[in-house]
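# Observations on the three-dimensional arrangement
Okay, here's what each chain looks like letter by letter:
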2 protein chains.
Amino acid sequence: MIQYEYSDKVNAMKPSIIRELLKQMADPTLISFAGGNPSAEAFPAEEIRKISDELLRDEAAATLQYSITEGYPPLRALGREYLNRQFAVTKDYDDVIITSGSQQAMDILSKLLCNDGDVVATEDPAFLGAMNCFRSNGAQLVGVQMEADGPNLASLEAALTGDKKPKLFYTIPNFQNPTGYTTSLAKRKAIYELCKKHGVPILEDNPYGELRFTGEDIPPIKSFDEEGLVIYAVSLSKVFAPGLRVALCCGEAGLLGKMTVAKQGIDVHTTLWSQRVIAKFFEQYDFDALLQKLRGVYRAKARRMMDNMDAKLDGRITYVPVEGGMFLWPTLPDGVDVQAFIKNCLDHKLALVPGNAFFVDGNAPCQSMRMNFSTPTNEQIDEGVSIMAKVLKSML
Amino acid sequence: MIQYEYSDKVNAMKPSIIRELLKQMADPTLISFAGGNPSAEAFPAEEIRKISDELLRDEAAATLQYSITEGYPPLRALGREYLNRQFAVTKDYDDVIITSGSQQAMDILSKLLCNDGDVVATEDPAFLGAMNCFRSNGAQLVGVQMEADGPNLASLEAALTGDKKPKLFYTIPNFQNPTGYTTSLAKRKAIYELCKKHGVPILEDNPYGELRFTGEDIPPIKSFDEEGLVIYAVSLSKVFAPGLRVALCCGEAGLLGKMTVAKQGIDVHTTLWSQRVIAKFFEQYDFDALLQKLRGVYRAKARRMMDNMDAKLDGRITYVPVEGGMFLWPTLPDGVDVQAFIKNCLDHKLALVPGNAFFVDGNAPCQSMRMNFSTPTNEQIDEGVSIMAKVLKSML
C-alpha cells in the first residue's frame, strides 16, 4: 500500500472532539447537552417545502443549474437589506457574498491571509470549528481571555502586539460559543479601536444574534467599521436551517473579490436550491413572525434549563444567565474534578462537554462545561439537570 | 482604509477566464458555446420535487438539521453500490465520503498533500477549476501533454520524474474537459503502472462518465488500484443537477479520514437536503431510465453539433468526434489566428473559449478552441456553427 506524504498542515488538523463524541453516542436513551444543533422545532420546514415546490415546478432549470460563485444575486441584495435591518452594517465600500455556511468564510479568509506559521488571535475559549479551521490553514493560535462581558482588553492588546502581528482576530460577540457570553457595547467599541490601532482585521462571526430572546440587541462591531477592518459572517443556519448550508459574508469589496476567486476553486458555488429558497422566503414570507416563533422556542428552553439549575443545584454549580443563543457555561465548585463529573454523568446517560476542549491550550485546567439547551426536549432538560444534581451530590 | 496583507497563495489565484467571460455575457441574444453547464432538459426536476416534498413533509427535522461531515450514511452506502455497478471500483481498504461537488475533493486533497511550492502533475490542457484549485493551495503545476487517446506516456513519466516528485497526478479519463478526449484502456493501465512505479497518487476525476451516448464504457483507473493509489471523484452534477452540489469521493480509508477532518473545518458538511434527495432517488426511482433519458439528450446535441460542423465547415476546422461528455475541441487551420477568430465570432454574437486558456502555460500557442454542446438549444447549435463557417470564410 502507498504511504501518503501529507502536508505540514495535516499535523494541525484534529477531529472535533464533540463531533467524534456525538458519533459514538448513538444510544437513543442518552440525554445530550453536548451538541450544538439549533432547535428543529423552529425550522420553517413548511415554508421551505412550499417555496421549493414552487421553484421546482416553475423554475426548475434556473434552480438546479450551476450558478455564479459570489452567490445568487437576489439573495445577495436581500442579504444586504437584512444585515441593515437594525444597524448600519454594510458600508459603501463593502460587498456581500454567499458562503456555504459561515465555516466557509473562516476557511477562505484564513487561506487568503495566512502563510504557514502566521498567527490568528481568537477568543479563548472559542468555537472549536474556527480553531480547527485556522490551524488547518497553517495558523498558530493566540488566545484572548474571555469574561462575562466579552474579551479581556489587556489580553487582546497583548495578543495584537505579540511577537507576530495576528492576521485576524476572531470573535463571536453575541452568545458566544461555548460560553454564551455577550460582548458589551463598550467592549465592542474598544475591540474595534484596538484592532484598528494595530492594523489587525476582525472576523466577527454572528451565528446566534437572532436568537436573543430577552434584552436589547447590541450593534455589531461591523457597524463601527470605517476602515474595511471588519469581515462580518452571518450564518443563516440558526434562522432558517443548517441543512441548507447558507451564510452571508460582508466585508470590503476588494477582499471579498479575492474570497470569490478562492471560492471558485473550493466549491464553485453554494447550493443554489438553498439560496433561492431563502431568497424567496425573504421576499414573500413574514420574517418577523419567523423570528418571533424562533425566539419563543429558545426562550422557553433556556428558561427551563436555568430554572432547573436554580432549583436543583443549590447554587453549587454557578453560571452566567444568558439572554439568547444556545449555550450555558456552568462552573463546578473547586475540588470537584470536571472530567470525573462528566464521566459520572455519562454513566447516568447524560452527555456534557468539558470546557477545556474549547481552549487554545486544551490541557489548561478548567472547571467549566458547555451545556446546550436548544437540542434536548423539555423532559430531557428536566431529567438531565436532575442527573447533574445527583452526580454532584455523590461527589461532594 | 486598511491594506490587507495577503498570503503568498493569493498571487496564484486567478479568476476563471470562463466564469468572468460568462458574467459579462448577460446579452440574451448571444449564443454561447463557451459554457460548461449540463443540459437542464435532462435534470430529474420533477422527481427531485416529489422527493423533497415528501422529505420536508415527513422528516423535516432530519432533513434540515446539521449532519456528520463524511456524509449522509445511506447515501455513502448507496454511492458505494453505484460506483460498483459496472466495475469493481471500491476496494476493501477504501471508504466513500460525500463532498460539496468534486471541486471540493480537489481542494481538500491539495490542502492535505501540498506544502507551498510542491508540484501537481496535470493533463495539459486541463480543467481550469482544477488548475486554479491546485495553484491556490500553493502547488506548482507540471503539464502532461494530451493526445486523442489520453495523456502522452513519455510526457507523464517526465512529469513524474522531474526535479520534484509530484504530490498528485490529476486526470479526467472520460470525455476530458476541455478536449472531450477519452483515455484508452491501455493508457489507463499504463498510467496506473507509471504512477505506482514512481509512488505518485492519482486523482481520477469522473464528472462525465455517465454521459457516454455511444461506444463501450472503459474501466476507471480506480478499478486497477491495488495500492490505495487512486482517489476517485465522481460528481453527481451531470447525472442529477449541479445546483444540488453533491459528489462522491472514493479512496483509501486513512486518507479519507483525514479528508473528513479537513472538511469539518471547511464547510462542516455537504447540504443534507440535497444528499437525502439523491439517496431517495437511488432507493426509489429508476436510475437506468434517468441515464437513458440523459444520454438521449446529450447524444442528440452532440450529433447535431458534429453534423453541423461536418456540413458547414468543409473539413477546414478539424475535430476528434466524441462518444460522450459535453465538449468538442476543434482546431483551426494554420494561419488563422485563434484570438481573432474568436473575437470575430463574438462580434457575430457567438461565444467560444480559446484553447490556450486551459494550458498550464496560458501563453503557449494553440490553434484549438473549446466548444460546449450541452447548453445551447438546437437552433443555437445550428446558428452558432453557421457563424463559425461565415467567420472562417471571411478569414481565409
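Looking only at helices and strands, one finds 13 helices and 13 strands in chain A. A compact globule built from 396 residues would reach a C-alpha radius of gyration of about 21 Å, and chain A, at 21 Å, matches this within 12%. Here the C-alpha coordinates of chain A stretch approximately 60 × 60 × 55 Å along the principal axes. Among the 396 residues that make up chain A, the fraction classed as buried is 64%. Taking the intrachain contacts of chain A between residues at least 6 apart in sequence as the baseline, contacts between residues at least 24 apart amount to 77%. For chain A, the accessible surface area stands at approximately 13,600 Å², while carbon and sulfur atoms represent 49% of it. Charged side chains of chain A number 42 positive and 50 negative; the gap between the two group centres comes to 2 Å.

With that settled, the discussion passes to the packing of aromatic side chains. This structure, assessed with the given rule, holds 25 aromatic pairs over all chains. Ring geometry for Phe 240 of chain A versus Phe 281 of chain A: centroids 5.1 Å apart, planes at 80 degrees, classification edge-to-face. Here the residue Phe 240 of chain A occupies a position in the loop between strand 8 (230-235) and strand 9 (247-252), and Phe 281 of chain A occupies one in helix 10 (residues 272-284), the gap between them amounting to 41 residues. Ring geometry for Phe 240 of chain A and Phe 282 of chain A: centres 5.6 Å apart, planes at 85 degrees, overall edge-to-face. One end of the pair, Phe 240 of chain A, is in the loop between strand 8 and strand 9; the other, Phe 282 of chain A, is in helix 10, with 42 residues separating them in the sequence. Look at Phe 240 of chain A and you get buried, because its relative accessible area is 1%. What links up through ring pairs into an aromatic cluster is the set Tyr 82, Phe 240, Phe 281, Phe 282, Tyr 285 and Phe 287 of chain A. In this structure, Lys 258 of chain A is placed above the aromatic ring of Tyr 6 of chain B, and the distance from its NZ or CZ to the ring centre is 5.1 Å.

For the pair chain A and chain B, the relating rotation is 180 degrees, the translation along its axis is 0.0 Å, and the fit reaches an RMSD of 0.0 Å. As the rotation angle and translation indicate, the two copies are arranged about a two-fold axis. Both copies present the same face, since 99% of the interface residues in chain A are matched by interface residues at the equivalent positions in chain B.

Residue and element names in this part refer to chain B. On the basis of which strands lie adjacent, the open sheet formed by three strands has the order 10-13-12 and antiparallel pairing. Either end of the sheet is taken by a strand with one partner, and the two such strands are strand 10 (327-328) and strand 12 (353-354). Of the strand pairs in this sheet, strand 10 and strand 13 (residues 369-372) are connected by two bridges, and their pairing is antiparallel. Directly across from Phe 327, in strand 13, lies its bridge partner Asn 372.

Let us look at the sheet that holds strand 4 (residues 140-147) of chain A. All names here are of chain A. In space, the eight strands of this open sheet follow the order 2-9-8-7-6-3-4-5, with mixed pairing throughout. At either margin of the open sheet sits one strand with a lone partner, and together these are strand 2 (94-99) and strand 5 (150-151). Pairing between strand 4 and strand 5: two bridges, direction antiparallel. Looking at strand 5, one finds that Met 146 is bridged to Pro 151. Together, strand 3 (119-124), strand 4, strand 5 and strand 6 (169-171) form the strand contacts of helix 7 (residues 153-160), whose direction differs from that of strand 4 by roughly 165 degrees.

Okay, helix 7 (residues 153-160) of chain B next. Residues and elements named next belong to chain B. Among the residues of helix 7, Ser 155, Leu 156, Ala 159 and Leu 160 are the ones counted as buried. Down the axis of helix 7, the buried set is contained in an arc of 135 degrees. They therefore lie on one face. Close packing links the buried residues of helix 7 with strand 3 (119-124), strand 4 (140-147), strand 6 (169-171) and helix 8 (185-198). The opening residue of helix 7, the one whose side-chain oxygen lies 3.0 Å from the backbone nitrogen of Ala 154, is Asn 152.

This paragraph deals with the packing of helix 12 (residues 338-347) of chain B against helix 13 (residues 378-395) of chain B. Between two packed helices, both the angle of their axes relative to each other and the distance between the axes serve to describe the pair. Residue and element names in this part refer to chain B. In contact at an axis separation of 10 Å, helix 12 and helix 13 are set at 130 degrees when each is read in the N-to-C sense. Put simply, helix 12 runs oblique to helix 13. The handedness of the crossing between helix 12 and helix 13 is right-handed. Packed against helix 12, whose contacting residues are Ala 340, Phe 341, Asn 344 and Cys 345, the element helix 13 presents Ile 387, Met 388, Val 391, Leu 392 and Met 395 at the interface. Broken down by class, the residue content of the contact of helix 12 with helix 13 amounts to eight nonpolar, one polar and no charged.

So, about the pairing of strand 13 of chain B. Residues and elements named next belong to chain B. Burial along strand 13 is two-sided: the face carrying Met 369 and Met 371 and the face carrying Arg 370 and Asn 372 are both buried. Relative to strand 13, strand 12 is paired through two bridges, and the arrangement is antiparallel. Residue pairing across strands places Pro 354 opposite Met 369, the latter belonging to strand 13.

In this section: the pattern of salt bridges. For the structure shown, the criterion picks out 51 salt bridges over all chains. Where Glu 41 of chain B meets Lys 301 of chain B, a salt bridge forms, and the shortest distance between an N and an O atom there is 3.1 Å. Here Glu 41 of chain B is found in the loop between strand 1 (31-32) and helix 2 (45-58), whereas its partner Lys 301 of chain B is found in helix 11 (residues 287-312), with 260 residues between them in sequence. With relative accessibility at 3%, the residue Lys 301 of chain B sits in the buried group. Sharing partners across several salt bridges, the network here consists of Glu 46 and Arg 49 of chain A together with Asp 53 and Arg 57 of chain B.

Further remarks concern the interface of chain A and chain B. Contact with chain A, which involves 87 residues of that partner, is made by 86 residues of chain B. Between chain A and chain B, a total of about 7,400 Å² is buried, with carbon and sulfur atoms accounting for 58% of that surface. Broken down residue by residue, the surface that chain A buries against chain B is led by Tyr 4, Leu 64 and Tyr 66 of chain A, which jointly contribute 10%. The interface formed by chain A and chain B contains six salt bridges.

Before going further, it helps to spend a moment on the packing of helix 5 (residues 102-113) of chain A against helix 9 (residues 253-267) of chain A. Residues and elements named next belong to chain A. Contact geometry for helix 5 and helix 9: axes closest at 10 Å, N-to-C directions at 105 degrees. On the basis of the axis angle, helix 5 is roughly perpendicular to helix 9. In this structure, helix 5 uses Gln 104, Ala 105, Asp 107, Ile 108, Leu 109, Lys 111 and Leu 112 to contact helix 9, whose residues at the interface are Leu 255, Lys 258, Met 259, Ala 262, Lys 263, Ile 266 and Asp 267. Here the contact of helix 5 with helix 9 is composed, by residue class, of eight nonpolar, one polar and five charged.

On to helix 13 of chain B, then. Residues and elements named next belong to chain B. The end-to-end C-alpha separation of helix 13 is 26 Å, in line with the 26 Å expected for 18 residues at 1.5 Å each. Listed as buried for helix 13 are Ile 381, Gly 384, Val 385, Ile 387, Met 388, Ala 389, Val 391 and Leu 392. On its buried side, helix 13 packs onto strand 1, helix 11, helix 12, strand 11 (350-351) and strand 13.

Okay, the side chain of Lys 9 of chain A next. Considering the arrangement of structural elements, one finds Lys 9 of chain A in the segment before helix 1 (17-24). For the buried residue Lys 9 of chain A, which engages in no salt bridge, the nearest side chain bearing the opposite charge is Asp 116 of chain A, 4.6 Å off. A distance of 3.1 Å separates the side chain of Lys 9 of chain A from the backbone oxygen of Cys 114 of chain B, its partner in a polar contact. With sequence-adjacent residues up to four places away left out, Lys 9 of chain A is seen in contact with Asp 116, Ser 136, Asn 137 and Gly 138 of chain A together with Lys 111, Cys 114 and Asn 115 of chain B.

In this section: the pairing of strand 9 (residues 247-252) of chain B. All names here are of chain B. When you tally the buried positions in strand 9, you get six out of six residues, the bulk of the element. As paired elements, strand 2 (residues 94-99) and strand 9 share six bridges and run antiparallel to each other. Each residue of the ladder has a partner; that of Asp 95, found in strand 9, is Gly 251.

With 98% of its residues at a pLDDT of 70 or more, chain A has an overall mean of 95. For this predicted complex, the interface confidence score (ipTM) comes to 0.93, while the overall pTM stands at 0.95.

Rules used throughout
Residues numbered from 1 in each chain as written. Chains lettered and ligands numbered in written order. Predicted model: local features only at pLDDT ≥ 70, side-chain atom pairs only at ≥ 80, totals over all residues. Heavy atoms only, no water. Helix = DSSP H or I, 4+ residues; strand = E, 2+ residues; numbered from the N terminus. Rg over C-alpha atoms; globule rule 2.2 N^0.38 Å. Buried < 20%, exposed > 50% of the residue type's maximum accessible area, 1.4 Å probe, protein only. Contact = heavy atoms within 4.5 Å. Areas by Shrake-Rupley, 256 points an atom, 1.4 Å probe, with all protein chains shown as cover. Lys, Arg positive; Asp, Glu negative; His and termini not counted. Charge placed at Lys NZ, Arg CZ, Asp CG, Glu CD. Phe/Tyr/Trp six-rings, centres within 6.5 Å; stacked < 30°, edge-to-face > 60°. Lys NZ or Arg CZ within 6 Å of the ring centre and 35° of its normal. Least-squares fit on C-alpha atoms with pLDDT ≥ 70 in both. Pairing = 2+ DSSP bridges. Axes fitted to C-alpha atoms, helices over the stretch in contact; angles between N-to-C directions. Arc of directions from axis to C-beta. Polar contact = N/O pair within 3.5 Å; in protein donor to acceptor, adjacent residues only side chain to side chain. Parallel < 35°, antiparallel > 145°, perpendicular 65-115°, else oblique. Left-handed = near helix turned anticlockwise from the far one by under 90°. Nonpolar A, V, L, I, M, F, W, Y, C, P; charged D, E, K, R; others polar. Salt bridge = Lys/Arg side-chain N within 4 Å of Asp/Glu carboxyl O. Buried area = accessible area lost by both parts, 1.4 Å probe. Expected span 1.5 Å × (residues − 1). pLDDT = per-residue confidence, 0-100.

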